[in-house]
Amino acid sequence: MTLIGHEETLVDFDEIIDRRNSDSAKWNRYDADVIPAWTADMDFLSPPAVTEALQRRVAHGVFGYSAVGRFGNNGGLQEAVSERYRQRHGLDCAPDDVLIVPGVVSGLYAMSQYIAADESILIQTPNYWPFFSAAETNARATVSAPLVACQEGALDRYEIDFDALEAAIQPHTRMLMFCNPHNPVGRAYRRDELERLADICLRRRLVICSDEIHAGLTFPGHEHHAIAGIDPEVAASTVTLNSSTKSYNLAGFKLGVAIATNQEMRDWLGAYYQQVGVYSVSALGLVAAEAAFRQGQPWLDSLLAYLQDNRDYAIDFVLREMPALRPTCPEATYLLLLDCAATPFAADPVQFFLDEARVALSGNFGPQGYPNLARLNFGCPRATLSEMLERMAAAYARA
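Residues numbered from 1 in each chain as written. Predicted model: local features only at pLDDT ≥ 70, side-chain atom pairs only at ≥ 80, totals over all residues. Heavy atoms only, no water.

## A closer look at the confidence of the model for the protein chain
With 95% of its residues at a pLDDT of 70 or more, the protein chain shows a mean pLDDT of 94. Low pLDDT (under 50) marks residues 3-9, which in the prediction has 19 contacts with non-local residues, meaning those over four places away or in another chain. (pLDDT = per-residue confidence, 0-100. Contact = heavy atoms within 4.5 Å.)

See below:
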């Protein structure tokens, strides 16, 4: 049991919380006998500091348009994000460099329009599927640079093939859409890796759109380095996207930030959101995000310890009970990638485990060339994780 305290309020990460009657997309997508481990939200209570801040705001009783976007700024949240990036992620950004937006995915869609219609976006694969849908929706071509799965004993660890990445860049390629920490492979890229990647982008004149939504979920022994923090020249060609929603389990608030030290890029993003009619964001989301960034670290530290135990438990279980599967050992995130290529169900492991184990994993990596991959969310109480893995092992044994 892991308990953390805040003003005599405790959070027990082992507590089983019934989410089926809470408008939960995660728990209501499938039949009641299915354990969901597909989408990236956690089955834990959010930080007590956030709940208390929201209760104070709700007590005010008026919920008009929030003062961001065209009408003004939320200086408290901008300052909190600026402080966090300076202190923890190596990026010296001012509060005025922070633009509040309606979520990180909206930023991916926006940035897809930042380049010209005849230019293309470079994306590492496998990757979070909205990278591709953002480009497709905005009629931007994509070029892919596959990550390399390096075998470390029974585990996989994904590395960047820098030569292949640079070779994938075409004359019309103008953006790298980057994910760090990486979803789904779980890498928290080292600074030397980011320096080499940034050098390629500068030499080839690529804008960088860096999705860093899992930055707070980096396990001990690893660090999150913002690629924009490499040097001011890199920062000037980078938009960094982040949110409190993943690290603090606040996904339902649909609120994010875009950090751009380049005023032209920041002004362009602001104009984009005005053009599509997004002048405001969630009033309660603003309160939740600021409270999370300013007061949520004790909760997050305890969460990471619990998640690390869950990660290690899941990997040990998979290696022992389902040895044909090759898991990663994520350096960040609460997402475990499973390579099922050596199994009889390699063509569609997500459907196999849904049908045979009644466990809902995520996949959708087939269009990227990886139908054999499945992603498991271990951001849940140990009892839920244990039941999920036991079901999967029984189905595996029958296959």
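## Brief notes about helix α4 (residues 104-112)
With seven of its nine residues buried, α4 lies for the most part within the structure. Of all the residues in α4, the buried ones are V104, S106, G107, L108, A110, M111 and S112. (Buried < 20%, exposed > 50% of the residue type's maximum accessible area, 1.4 Å probe, protein only. Helix = DSSP H or I, 4+ residues; strand = E, 2+ residues; numbered from the N terminus.)

## Regarding the nonpolar core
L376 and M392 are the most contacted members of the largest nonpolar core, which totals 71 residues. Per-element accounting of this core gives the leading share, ten residues, to helix α11 (residues 297-321). Sequence-distant contacts of L376, that is, excluding residues within four places in its chain, are made with A37, Y334, L335, L336, L361, L385, M388, L389 and M392. I160, I200, I208 and F365 belong to the second-largest nonpolar core, a separate cluster that totals 28 residues. (Core = buried A, V, L, I, M, F, W, Y, C linked by side-chain atoms within 4.5 Å.)

## Notes on the sheet that holds strand β5 (residues 120-125)
The mixed open sheet is built from seven strands, whose spatial order is β4-β12-β11-β10-β9-β5-β6. Each edge of the sheet is formed by a strand with only one pairing partner; in this case those strands are β4 (98-101) and β6 (141-146). Across the sheet, the mean angle from the axis of one strand to that of its neighbour is 25°, orientation sign disregarded. Lying over the sheet, helix α9 (residues 263-275) contacts β4, β10 (207-211), β11 (238-242) and β12 (256-259), oriented at roughly 20° with respect to β4. (Pairing = 2+ DSSP bridges. Axes fitted to C-alpha atoms, helices over the stretch in contact; angles between N-to-C directions.)

## Let's talk about the packing of α11 against helix α13 (residues 382-398)
Angle between the axes and distance between the axes are the two parameters that describe a pair of packed helices. Contact geometry of α11 with α13 gives a least axis separation of 11 Å together with a crossing angle of 15°. Our classification of the angle between α11 and α13 gives roughly parallel. Crossing hand, α11 versus α13: right-handed. Here α11 contributes Y306, D309, N310, Y313, A314, F317, V318 and E321 to the contact with α13, which in turn contributes R382, L385, S386, L389, E390, A393 and Y396. Residue classes in the contact of α11 with α13 are distributed as nine nonpolar, two polar and four charged. (Parallel < 35°, antiparallel > 145°, perpendicular 65-115°, else oblique. Left-handed = near helix turned anticlockwise from the far one by under 90°. Nonpolar A, V, L, I, M, F, W, Y, C, P; charged D, E, K, R; others polar.)

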